[in-house]
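# Structural features, examined
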Amino acid sequence: MPTYHLTPAGRRPNAPDRETGDDLRRHGGHVLVSSVSSDSHTWNLVFLQLLLEELGHKVTNIGACVPDELLIEECLRLRPDLVVISSVNGHGALDGARAVRRLRRDHPELSGMRIVIGGKLGVRGAEAGTYGPELMDAGFDAVFEDAAGVDRFRRYLAHGGARAIASSDSR
């Protein structure tokens, strides 16, 4: 499956132009790391935090089983440059779509904030296909399917956060 990129015309209405991604590339940026509300796994969050810190980012890790309300409160309070949502339990597509829709719908002042999701996004495995287009439509700026690996996420950060879907077959 190819990697999909949206053109600048595909940005959300009224979103600031953050196509250059200079805040993520030059200054590291502030990244908020979270799980979805039903996911109690923590090792993935610690790994992401360490990876992001190694790449020069300031990281706030709000942990596992994060209710949508807490995620939204922390986004409003911290105004991070990037929000990274991780899923290990396979409910990422369902819980993540709900959370990002609420955030985008109810808080237009956060419309320019980049939000990405990655990991095991569904419970049906390879037969389910990709959740990428659905999650992008819900409001995510990038989707990293679990089989795509961490290198695609690193490239995303290095290029300043262009909108993309990465699956195991993405090039």
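The sections below set out a description of the structure shown in this document. If you're wondering where the values come from, they're calculated on a predicted model, not measured in any experiment.

### Re the nonpolar core
- Judged by nonpolar contacts, the single largest core of 25 residues is most densely connected at Leu 71, Cys 75, Val 83, Ile 85, Ile 117, Leu 135 and Phe 140.
- Contributions of two or more residues to this core are made by α3 (68–78), β3 (82–87), α4 (92–106), β4 (114–119) and α5 (132–138).
- Residue contributions to this core peak at five residues, all from α4.
- In this structure, Val 33, Leu 48, Val 59 and Leu 82 belong to the second largest nonpolar core, which totals 15 residues.

### Considering the packing of aromatic side chains
- Evaluation of the coordinates by the stated rule reveals two aromatic pairs.
- Taking 5.4 Å as the distance between ring centres and 80 degrees as the angle between the ring planes, the aromatic pair formed by Phe 144 and Phe 153 counts as edge-to-face. Neither residue differs from the other here; Phe 144 and Phe 153 are each classed as buried.
- Geometrically, the ring pair formed by Phe 144 and Tyr 156 is edge-to-face, given 5.4 Å between the ring centres and 75 degrees between the ring planes.

### Things to note about helix α6 (residues 150–158)
- Burial in α6 covers these residues: Arg 152, Phe 153, Tyr 156 and Leu 157. Viewed end-on, α6 has its buried residues packed into an arc of 140 degrees, placing them on one side of the element.
- Gly 160 sits one or two positions beyond α6 and adopts a positive phi of about 80 degrees.

### Describing the environment of Ile 85
- Along the chain, the position of Ile 85 falls in strand β3.
- Remark: the alpha-carbon pair of Ile 85 and Val 36, spanning 49 residues in sequence, is separated by 6.7 Å.
- Ignoring sequence-local partners within four residues, the contact set of Ile 85 consists of Ser 34, Ser 35, Val 36, Leu 71, Ile 115, Val 116, Ile 117, Gly 118 and Phe 140.

### Section: the pairing of β4
- With respect to burial, β4 is a largely interior element, six of its six residues being buried.
- Side chains of β4 alternate between two faces, with Arg 114, Val 116 and Gly 118 and Ile 115, Ile 117 and Gly 119 buried alike.
- Summarising the sheet, β3 and β4 pair through six bridges and their orientation is parallel. Looking at the pairing, Ser 87 lines up with Gly 119 of β4.
- The parallel pair β3 and β4, bridged by α4, forms a crossover whose chirality is right-handed.
- Bridge count for β4 against strand β5 (residues 142–145) is four bridges, and the pairing is parallel.

What counts and what doesn't
Residues numbered from 1 in each chain as written. Predicted model: local features only at pLDDT ≥ 70, side-chain atom pairs only at ≥ 80, totals over all residues. Heavy atoms only, no water. Core = buried A, V, L, I, M, F, W, Y, C linked by side-chain atoms within 4.5 Å. Buried < 20%, exposed > 50% of the residue type's maximum accessible area, 1.4 Å probe, protein only. Helix = DSSP H or I, 4+ residues; strand = E, 2+ residues; numbered from the N terminus. Phe/Tyr/Trp six-rings, centres within 6.5 Å; stacked < 30°, edge-to-face > 60°. Arc of directions from axis to C-beta. Contact = heavy atoms within 4.5 Å. Pairing = 2+ DSSP bridges. Right-handed = clockwise from strand over helix to strand, strands pointing away.

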